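# Survey of secondary and tertiary structure
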Amino acid sequence: MLEPELGSSAGQRLGAPETMAISTLDPGHKPPVMPPGRHVTVRVRMLDDTEELFDISQRASGKVLFDLVCTHLNLVEGDYFGLEFQDHRKMTVWLDHLKPIAKQIRRPKHTVLRFVVKFFPPDHAQLLEELTRYLFALQIKYDLACGRLTCNDSSAALLVSHIIQSEIGDFEETQCRQHLLNNSYIPDQMALIDKIMEFHHKHMGHTPAESDFQLLEVARRLEMYGIRLHPAKDREGTKLSLGVAHTGVLVFQGHTKINAFNWSKVRKLSFKRKRFLIKLRPDLNQSAYQDTLEFLMGSRDCCKVFWKICVEYHAFFRLFEEPKPKPKPVLFSRGSSFRFSGRTQKQVIDYVKDTEFKKIPFERKHSRAQYNSNLSPLPSLRSEVPKESASYTARERSHSPSKHHWKEPALVSAEDSPAHRTRASPSAQANGREERPRDGGRAAAAVAAAGGRHQAAEQLSTEPGSSSPRLPGAARGMVNGHRPAKGGGGHSPDGRPPSPLTSPLLNDAAARTDDEDEARRKRFPTDKAYFIAKELLTTERTYLKDLEVITVSFQSMLEKEEATPDSLKNVILSNFDPLYKFHTGFLREVEQRLALWEGRSNAHIKGDYQRIGDVMLKNIQGLKPMACHLQQQAEMLRELEKACRASRRLEGLCRDLELQKACYVPLNVFLLRPLHRLLHYKQILERLCKHYPSAHPDYKDCRAALEDVSEMVSQLHGSMIKTENYQKLLELKKDLIGTDSLATAGREFIRLGCLSKLSGKGLQQRMFFLFNDVLLYTSRGMTATNQFKVHGQLSLHGMTIRESEEEWGVPHAFTLVGQRQSVVVAASSLSEMEKWMEDIKMAVDKAEMSNGLTSVPLASSLNDHKSAEDSALEQESEDDLSASRTSLERQGPHRGNTMVHVCWHRNTSVSMLDYNMAVENQLSGNLLRKFKNSNGWQKLWVVFTNFSLFFYKTHQDDYPLASLPLLGYSVTIPSDSENIHKDYVFKLHFKSHVYYFRSESEYSFERWMEVIRSATVSGGRGAASGRKDAQAH
């Protein structure tokens, strides 16, 4: 017998090309502690049919062996899996984690354990790792082949088409047919070959990771998904089968489900000899109530095996944490002491969210897929907290949008330590390789520098995953999965350079020296008025860049599109061109005055130029005649919305424009920038007037300019509030699926955010949208659009609300009692609960006082009394699977980094008052940034808007190179132990992510702290109103 070559795999020896994907544990992950004693070799068969040998002590518990397997696979979410084997009675049982192996496996050398999926979650989006989804896909493939996962022919063909798309790539008729002839995936496959090929042809461009995702999407809808049947009989002797799922205990006759006992209805599960007993809670609605159901199984051992898996399923999906062991009885015990051992699903999800891992390549067996990188991206499947998000490759901002120019919809993360990892969607990893920087100058040079420093601590990286390969350590004969390490750690496995998503901001190539900084600072004025005037300059530069998005990119797009109505072209052209021309001149004057103020000119009498009030007064008076243009903002929004409804092509062009890098906030926000700018002028003049004594020569001009701009703001205030609300409704409409008419007259947006909804499945993360007439709850759709699907609505008329933490035993829970339905939800914290309850009570009061009902925003097919959680318990039609998949494919790309998605990832909420505060709190300027583990400081141009920091190399750049959403972050001053011995430094901190920023003066330091706090600390309505009123006077 030939020994296999060390380090080679079965796939390699057969000539299969290596295709790499990403896992997130280090190969050197610390193995579990091995107890002393005689060692035995245990054989474990993996899901890809490879076998591994593990050397383990006989005294070791089952958990030690299971942890060794997970460590070998670099598997983070191992809690969904288990090891099964045939015991001495020829029964298939699960390896108990608490018992020693010697007491469970009598003949280890002759026993083969199978590593398989044990717990099947209701939603595959809860699987946060690509490796985990790959292993689940292998389990589905195995269940199909052995006949355990039964379904109709249409679903079977669709499942197989996704499997072969993952294995051989895009459809090619001869190759596909030959592959199906050589490989059997389902019984009676020959009759379905044509149907399989028809489906396979529709999957063009899907990567193996995307194919896994789509496979699980189809499989989870099937009635037999994740079900293992245990033969039983009822009291009449009818042959049945019992199964267990996340919802509860199921009863089957053949392969048809005939009954289900939800966990919420089950009071106790027990067994007595051959009898399996289910004790139910009393049901007052049923007259013929049966307290205990009895099923007869083959033997006591069969009963106990099924009872154990029921106990484990209930604990894994329903409990918040692992149950504590029962105290041992002093004299004798009664009943089984078995309990669930391990993390619950909630603990697994929280652990993966809160813990940082390094991405490690893994391999797929059989995968030879080569894919096109120009496809639409899948959403990021990890509900991880998004960190610093990167825009990707450099393109000229004047380029017209195209279907191949997409923006990463998930929030790509920047890590501050090489031991950390980031995550992107499978297609993001694929698409990341396609685009390359095209702009010249410093940005391109910085990209090249970042590409060569892929492992630097300051790197923003998403490893480009090629097609996705077989499991690591697939060679036979390996002990504990060890083999020599291959290659370097930083680059992608196939030797390609790092992804262009890597931000050139995040290296130290442009780090400034402290001496240069101090010398430069001493040359500038120290008067506070100078720094207030400098804020005017920096924010005006950003404002002019924002106007260019409309006057250059948007107008050029409208002119090229024949379907654009003349009314829309005229209103944009007539309003924005005069404003852009005016502010270009204003910026030039401010730049000249600041240059004189700083002493960079030949002026000898500095005192005449150390003021800004005269420039402000002149230009505010010049802006007053343009108030008519500012009053047209709401009309522009309505014209644009009307035109997009009338022309599908124009709607697509606007969507493509939003996906461009220069459009770093929603397009409608750019249309409202002139209104926002008036508020900024007012704030700057208020600071100047507060700073100057009344006798100061600049005070009079500043005061006069403040009166003029305050008059303009007061005239536009009413329409400004309505326009902001209308813009927000239009933006939310893009994020929602299942709404017909969200932006209707009279509707007001109040709050959106994440709450956990209590249902038969347990706590489910849902996105709630509160308006003045209705409360919507949604979940994020796992499609290329990344939108949120509406599950249900609650009318606010007659709604009551009460705290119910003690009633349900769920922290921060409260109950919403509507006229037709009651919903129990839980907030992430006490403050979140208080904000939601306060806003809902206020919204209910508004709804009660309104004269007429606002039109319902949901489709007529969605009823108030029926939620998605309820309907999920019903059988779904398998014949509709392909139709639903096709309809999702027709939807276009969608922005995935809006505030709705940030709230979803960070489990928080934002109110309309917060949005209004964010409009006023915008800031731009140069900052020095330092990471926790880096040495030097790097100078960046930073823009704060829309609850985020956007990073540029210089203020001339047309698009941000990276962004950092601030919701959830805390802003503080570094402590002495952090060794940041510099002035004017503030620290941004979120979980393990730490960033230091350094400003040039005390004034700018206070301003940055002020605006960032407005985004990171969201107060209640009272606090927010107080801040707003304080700023208004």
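What you see is a predicted model, and the numbers here were worked out from it, not measured in a lab. (Residues numbered from 1 in each chain as written. Predicted model: local features only at pLDDT ≥ 70, side-chain atom pairs only at ≥ 80, totals over all residues. Heavy atoms only, no water.)

### Focus on the overall build of the protein chain
- Summing up its helical and strand segments, the protein chain has 30 helices and 32 strands in all.
- Residue burial in the protein chain is summarised as follows: out of 1033 residues, 58% are buried.
- Partitioning the intrachain contacts of the protein chain with sequence separation of at least 6 by distance along the chain shows that 71% fall at a separation of at least 24.
- A total accessible area of about 43,300 Å² is found for the protein chain, and carbon and sulfur atoms account for 50% of it. (Helix = DSSP H or I, 4+ residues; strand = E, 2+ residues; numbered from the N terminus. Buried < 20%, exposed > 50% of the residue type's maximum accessible area, 1.4 Å probe, protein only. Contact = heavy atoms within 4.5 Å. Areas by Shrake-Rupley, 256 points an atom, 1.4 Å probe, with all protein chains shown as cover.)

### With respect to helix 8 (residues 208-219)
- Taking 1.5 Å per residue, 12 residues should reach 16 Å; helix 8 reaches 16 Å between its end C-alpha atoms and fits that length.
- Counted residue by residue, helix 8 has 12 buried out of 12 residues, so it is predominantly covered.
- Those residues of helix 8 that sit buried are Pro208, Ala209, Glu210, Ser211, Asp212, Phe213, Gln214, Leu215, Leu216, Glu217, Val218 and Ala219. (Expected span 1.5 Å × (residues − 1).)

### So, the nonpolar core
- By size, the foremost hydrophobic cluster in this structure holds 105 residues, and its most contacted members are Phe81, Phe115, Phe276 and Ile278.
- Per element, the largest residue contribution to this core is 10 residues, and it comes from helix 9 (residues 300-318).
- Apart from residues lying up to four places away in sequence, Phe81 is in contact with Leu47, Phe66, Leu75, Phe115, Val116, Val117, Lys118, Thr132, Leu135 and Phe136.
- Judged by nonpolar contacts, the second largest core, of 77 residues, contains Ala627, Val665, Ala705 and Tyr952. (Core = buried A, V, L, I, M, F, W, Y, C linked by side-chain atoms within 4.5 Å.)

### Quick look at the sheet that holds strand 2 (residues 39-45)
- The 5 strands are arranged 3-2-6-4-5 in an open sheet whose pairing can be described as mixed. Only two strands of the sheet have a single partner each, and these edge strands are strand 3 (51-57) and strand 5 (92-94). Put simply, the sheet's adjacent strands are angled 35 degrees from each other on average, direction ignored.
- Where strand 4 (residues 81-86) lies against strand 6 (residues 112-117), 4 bridges are found, and the strand directions are antiparallel. Following the sheet pairing, Phe81 is matched in strand 6 by Val117.
- Along the sheet face, helix 2 (residues 62-73) touches strand 2, strand 3, strand 4 and strand 6 and points at about 135 degrees away from the line of strand 3. (Pairing = 2+ DSSP bridges. Axes fitted to C-alpha atoms, helices over the stretch in contact; angles between N-to-C directions.)

### Observations concerning the sheet that holds strand 11 (residues 266-272)
- The strand order across the open sheet formed by 7 strands is 10-9-8-7-13-12-11, and the pairing between neighbours is antiparallel. At either end of the open sheet lies a strand with only one pairing partner, and these are strand 10 (256-262) and strand 11. If you compare each strand with its neighbour and ignore which way they point, the axes differ by 35 degrees on average.
- Of the pairings in the sheet, the one linking strand 7 (residues 230-233) to strand 13 (residues 292-297) comprises 2 bridges and is antiparallel in character. Residue pairing for strand 13: Lys233 is matched across the bridge by Leu296.
- Strands strand 7, strand 8 (239-244), strand 9 (248-253), strand 11, strand 12 (275-280) and strand 13 of the sheet are contacted by helix 9, whose axis makes an angle of about 155 degrees with strand 11.

### Some points on the environment of Gln621
- Looking at the element boundaries, Gln621 is found in helix 16 (residues 613-623).
- Placed 88 residues apart in sequence, Gln621 and Val709 show a C-alpha to C-alpha distance of 8.6 Å.

### A word on helix 29 (residues 1002-1016)
- With 15 residues, helix 29 should reach 21 Å at 1.5 Å per residue; the first-to-last C-alpha distance of 21 Å fits that figure.
- Burial analysis of helix 29 places 11 of its 15 residues in the buried class, the great majority of the element.

### Quick word on the pattern of salt bridges
- A complete count under the given rule lists 44 salt bridges for this structure.
- Lys346 is the partner of Asp350 in a salt bridge, and the nearest nitrogen-oxygen pair spans 2.9 Å. With Asp350 and Lys346 both in helix 10 (residues 345-354) and 4 residues apart, the pair spans about one turn of that helix.
- For Lys682, the salt bridge is made with Glu686, and the minimal N-O distance between the two is 2.9 Å. (Salt bridge = Lys/Arg side-chain N within 4 Å of Asp/Glu carboxyl O.)

### Brief notes about the packing of helix 22 (residues 699-735) against helix 28 (residues 912-920)
- With their axes 11 Å apart at the nearest point, helix 22 and helix 28 run at an angle of 115 degrees to one another. What the angle tells us is that helix 22 and helix 28 run roughly perpendicular. Our pair here, helix 22 against helix 28, has a crossing hand that is right-handed. On helix 28, the residues touching Glu724, Asn725 and Lys728 of helix 22 are Met912, Tyr915, Asn916 and Val919.
- Looking at the contact of helix 22 with helix 28 residue by residue, the classes come out as 3 nonpolar, 2 polar and 2 charged. (Parallel < 35°, antiparallel > 145°, perpendicular 65-115°, else oblique. Left-handed = near helix turned anticlockwise from the far one by under 90°. Nonpolar A, V, L, I, M, F, W, Y, C, P; charged D, E, K, R; others polar.)

### Details of unusual backbone geometry
- Positive phi values are uncommon outside glycine, yet His812 reaches one of about 60 degrees.
- With respect to the helices and strands, the residue His812 is situated in the loop between helix 23 (805-808) and strand 23 (813-817).
- Among the residues examined, His812 registers a relative accessible area of 21% and is labelled partly exposed.
- With a phi angle near 55 degrees, Asn907 is a residue other than glycine that sits in the positive phi range.

### With respect to the side chain of Thr132
- Note on placement: Thr132 falls in helix 4 (residues 130-146).
- The buried category is assigned to Thr132, whose relative accessible area is 0%.
- Those residues in contact with Thr132 that lie beyond four places of it in its chain are Leu75, Glu77, Phe81 and Leu127.

### Let's talk about the environment of Pro965
- In this structure, Pro965 sits in strand 29 (residues 962-965).
- Spatially, the C-alpha atom of Pro965 lies 9.7 Å from that of Thr945, the residues being 20 residues apart in sequence.

### Some words on the packing of aromatic side chains
- With the rule as written, the count across this model stands at 32 aromatic pairs.
- Ring geometry for Phe119 against Phe317: centres 6.3 Å apart, planes inclined by 85 degrees, an arrangement best described as edge-to-face. On the criterion of sequence distance, the pair formed by Phe119 in the loop between strand 6 and helix 4 and Phe317 in helix 9 is long-range, its members being 198 residues apart.
- Through successive ring pairs, a cluster of aromatic residues spans Phe66, Tyr80, Phe81, Phe115, Phe119, Phe120, Phe136, Tyr225, Tyr313, Phe316 and Phe317.
- If you follow Arg114 out to its NZ or CZ, it ends over the ring of Tyr142, 4.5 Å from the centre.
- Positioned over the ring face of Tyr959 is Lys661, at 5.1 Å from the centre of the ring. (Phe/Tyr/Trp six-rings, centres within 6.5 Å; stacked < 30°, edge-to-face > 60°. Lys NZ or Arg CZ within 6 Å of the ring centre and 35° of its normal.)

### Here's the deal with the confidence of the model for the protein chain
- In the predicted model, the protein chain carries a mean pLDDT of 75, and 71% of its residues have values of at least 70.
- Confidence, expressed as mean pLDDT per element, reaches its minimum in the protein chain at helix 26 (residues 881-890) with 35 and its maximum at strand 28 (residues 948-952) with 94.
- For residues 1-29, every residue scores under 50 in pLDDT, and the model assigns this stretch 84 contacts once sequence neighbours within four places are set aside.
- Here residues 601-606 is a poorly scored stretch, pLDDT under 50, and it has 4 contacts once near neighbours within four places are set aside; other chains count. (pLDDT = per-residue confidence, 0-100.)

### What about the pairing of strand 20 (residues 774-780)?
- With respect to burial, strand 20 is a largely interior element, 7 of its 7 residues being buried.
- As paired elements, strand 19 (residues 762-771) and strand 20 share 4 bridges and run antiparallel to each other. Paired with Phe769 across the strands is Leu776, a residue of strand 20.
- Across 7 bridges, the pairing between strand 20 and strand 21 (residues 788-795) is antiparallel. By the bridge assignment, Arg780 is partnered in strand 21 with Phe788.

### A look at a negative patch on the surface
- Where like charges cluster on the molecular surface, the negative patch consists of Glu803, Glu805, Glu806, Glu834 and Glu838.
- For the negative patch, the secondary-structure elements that each account for two or more residues are helix 23 and helix 24 (830-849).
- Inspection of the secondary structure puts Glu805 in helix 23.
- The class for Glu805 is partly exposed, based on a relative accessible area of 39%. (Patch = residues over 30% accessible without salt bridge, like charges linked within 9 Å, V, L, I, M, F, W, Y side chains within 5 Å. Lys, Arg positive; Asp, Glu negative; His and termini not counted. Charge placed at Lys NZ, Arg CZ, Asp CG, Glu CD.)

### A closer look at the packing of helix 5 (residues 153-168) against helix 8
- Packing of helix 5 against helix 8 leaves a shortest axis separation of 8 Å and a crossing angle of 165 degrees. When the interaxial angle is binned, helix 5 and helix 8 end up roughly antiparallel. Relative to helix 8, helix 5 is oriented so that their crossing is left-handed. Residues Leu158, Leu159, His162, Ile163, Gln165 and Ser166 of helix 5 touch helix 8, and the partners they reach there are Pro208, Ser211, Asp212, Gln214, Leu215, Val218 and Ala219.

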